[in-house]
Amino acid sequence: MAITNHVELPHQIYHATHIENIESFKENIADSTCWLPEKDFGNGFYTTNDIKQAYKRAKLLSRYHGGQSVGCVLDLRCNPEPCPFNYNHHVYLGVNRKWAEYILAHRAYPNEDPCEILGYSCHSDIISGPMADNSIKDFIGKDVYRYLNNDNNVVDEFYEKIIRGNDGKFRNTFDLGYQITFSNEELANTMLTIKGIWYMKKGGGWVYEEVL
Ligand SMILES: [Zn+2]
């Protein structure tokens, strides 16, 4: 059985950061030396097609820095054509058990890619799918430990938890937010340009600066 999927990337995507990183992004949008391990879809440059999610994340990042840093959102343009080389795109259109296991496995193996163990031929150049609920930080350590120790129930239980907020209510893909992750630095730098940057204002709101 042959299946052909056509996946088109959105033209506008966003990346949340803070003001200290802006100059380095202007020089090199996707610098793999800055990518942090233990993320949902592995090492990569994380973007979203939902500006509200990006604003939320930028506010959080500013809070992590004691509220001293200014949260920013890169307003990116994605131009997938012409792309000089072939690439793989792994897409989760919504939440499911496989998506949950993908996240858990990449959290469990931050330094050695688990895709082959999961049955994929390789880690894809782009991975798109829903974000896990923020409450993940409350149980990820314990569930990673259970996963590494072959606990048969952990994936199902992990799935049930990452699709719910702290109130236990189901959150659909649109509530969770959607992320598009570039794990191939060269591909990201070929496709993406910065159109402008949103800066958090002290009293609330955002101010936009065009990047020439
Ligand atoms: Zn992988």
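Refer to the structure presented above.
Just so it is clear, the model here is predicted, and its values are computed rather than measured. Every residue gets a number counted from 1 within its own chain, in the order that chain's sequence is written. Thresholds applied to this predicted model are a pLDDT of at least 70 for local features of residues and 80 or more for the giving and counting of side-chain atom pairs; totals over whole chains, interfaces and linings are not thresholded and use all residues. With hydrogens and water excluded, all non-hydrogen atoms of the structure serve as input to the side-chain values.

Colleague: I'd love a proper account of the pattern of salt bridges, names of residues and values included.
Modeller: Here a salt bridge means any side-chain nitrogen of Lys or Arg lying within 4 Å of a carboxyl oxygen belonging to Asp or Glu. Under the counting rule described, the total for this entry stands at 13 salt bridges. Ionic pairing is found between glutamate 209 and lysine 26, a salt bridge with its closest N-O pair at 4.0 Å. With a gap of 183 residues between them, glutamate 209 in strand E8 (residues 206–210) and lysine 26 in helix H1 (residues 22–27) connect regions that are remote in the sequence. Only protein chains enter the accessibility calculation, which uses a 1.4 Å probe. A residue is then buried if its area is under 20% of the maximum for its type, exposed if over 50%, and partly exposed in between. Since its relative accessible area comes to 35%, glutamate 209 is described here as partly exposed. The salt bridge involving glutamate 160 is made with arginine 164; its shortest N-O contact spans 2.9 Å. You can call arginine 164 partly exposed: its relative accessible area is 27%. Sharing partners across several salt bridges, the network here consists of Asp143, Arg146, Asp151, Glu157 and Lys161. Each helix is a run of H or I in the DSSP string that is no shorter than four residues. Each strand is a run of E no shorter than two, and both are numbered from the N terminus.

Colleague: I'd like a description of the environment of valine 154, backed by residues and values.
Modeller: Here valine 154 lies in helix H5 (residues 154–162). Separated by 51 residues in sequence, valine 154 and glycine 205 have C-alpha atoms that sit 41 Å apart. Contacts are residue-level and defined by heavy atoms, with any inter-residue pair within 4.5 Å sufficient. Not counting residues up to four positions away in its chain, the partners in contact with valine 154 are Leu104, Asp143, Arg146 and Tyr147.

Colleague: With reference to specific residues and values, describe the packing of aromatic side chains.
Modeller: Centres within 6.5 Å make a pair out of two Phe, Tyr or Trp rings, where for Trp the six-membered ring is used; the pair is then stacked when the planes are under 30 degrees apart, edge-to-face when over 60, and tilted otherwise. Applying the stated criterion across every chain, the model contains eight aromatic pairs. Arranged with centres 6.3 Å apart and planes meeting at 90°, the rings of tyrosine 55 and tryptophan 198 form a pair that is edge-to-face. Taken together, the residues tyrosine 55 in helix H2 (residues 51–64) and tryptophan 198 in strand E7 (residues 192–200) connect sequence positions 143 residues apart. The partly exposed category is assigned to tryptophan 198, whose relative accessible area is 22%. Among the aromatic residues, those joined into a cluster by ring pairs are Phe41, Tyr92, Tyr102 and Tyr120. Directly above the ring of tyrosine 46 sits lysine 39, whose terminal nitrogen or CZ lies 4.1 Å from the centroid. For a Lys NZ or an Arg CZ to count as sitting over a ring, it must be within 6 Å of the ring centre and within 35 degrees of the ring normal.

Colleague: Please give an account of the side chain of aspartate 143 that cites residues and values.
Modeller: Relative to the helices and strands, aspartate 143 resides in helix H4 (residues 140–148). A residue is classified by how much of its surface remains accessible, and aspartate 143, at 2% relative accessible area, is buried. If near-sequence neighbours (up to four positions away) are discounted, aspartate 143 is found in contact with Leu104, Val154, Phe158 and Lys161.

Colleague: Summarise H4; cite the residues concerned and give the values.
Modeller: Taken together, the buried positions of H4 are occupied by Ile140, Asp143, Val144 and Tyr147. Angular distribution of buried residues about the axis of H4 spans 105°; they occupy a single face of the element. More than 90 degrees from the buried face of H4, the exposed residues found are Gly141, Lys142 and Tyr145. On its buried face, H4 is in contact with helix H3 (97–108) and H5. Directions pointing from the helix axis toward each C-beta atom define the arc.

Colleague: Summarise the coordination of the zinc ion; cite the residues concerned and give the values.
Modeller: Ligation of the zinc ion by protein atoms is provided by His106 (NE2), Asp113 (OD), Cys115 (SG) and His123 (ND1), these donors lying 2.0 to 2.2 Å from the ion. For the zinc ion, the four donor atoms in the first shell make angles of 99 to 132° at the metal, a pattern classed as tetrahedral. Because no water is among the atoms considered, metal sites can look incomplete, with donors defined as N, O and S atoms within 2.8 Å of the metal, or 3.2 Å for Na, K and Ca. In primary sequence terms, the donor set of the zinc ion follows H-x6-D-x1-C-x7-H. We classify cysteine 115 as buried; its relative accessible area is 0%. A four-donor site is called tetrahedral if each angle lies between 85 and 135 degrees; a four-donor site is square planar, and a six-donor site octahedral, when trans pairs exceed 155 degrees and the remaining angles lie between 65 and 115; all other cases are labelled irregular.

Colleague: An account of the packing of H3 against H4 is requested, with residue identities and associated values reported.
Modeller: Between two packed helices, the angle of one axis relative to the other and the distance separating the axes together describe the packing. Here, axes are lines fitted to C-alpha atoms. For helices the fit covers the stretch in contact, and angles between N-to-C directions go from 0 to 180 degrees. Direction vectors running N to C along H3 and H4 enclose 90°, while the axes themselves pass 9 Å from each other. Taken as axis vectors, H3 and H4 run roughly perpendicular relative to one another. Contact with H3, carried on its side by Glu101, Leu104, Ala105, Arg107 and Ala108, involves Ile140, Asp143, Val144, Tyr147 and Leu148 of H4 and no other residues of that element. Polarity classes work like this: nonpolar for Ala, Val, Leu, Ile, Met, Phe, Trp, Tyr, Cys and Pro, charged for Asp, Glu, Lys and Arg, and polar for all others, with Gly in that last group. Grouping the constituent residues of the contact of H3 with H4 by class yields seven nonpolar, no polar and three charged. In what follows, roughly perpendicular refers to angles from 65 to 115 degrees, roughly parallel to angles under 35, roughly antiparallel to angles over 145, and oblique to any angle outside these ranges.

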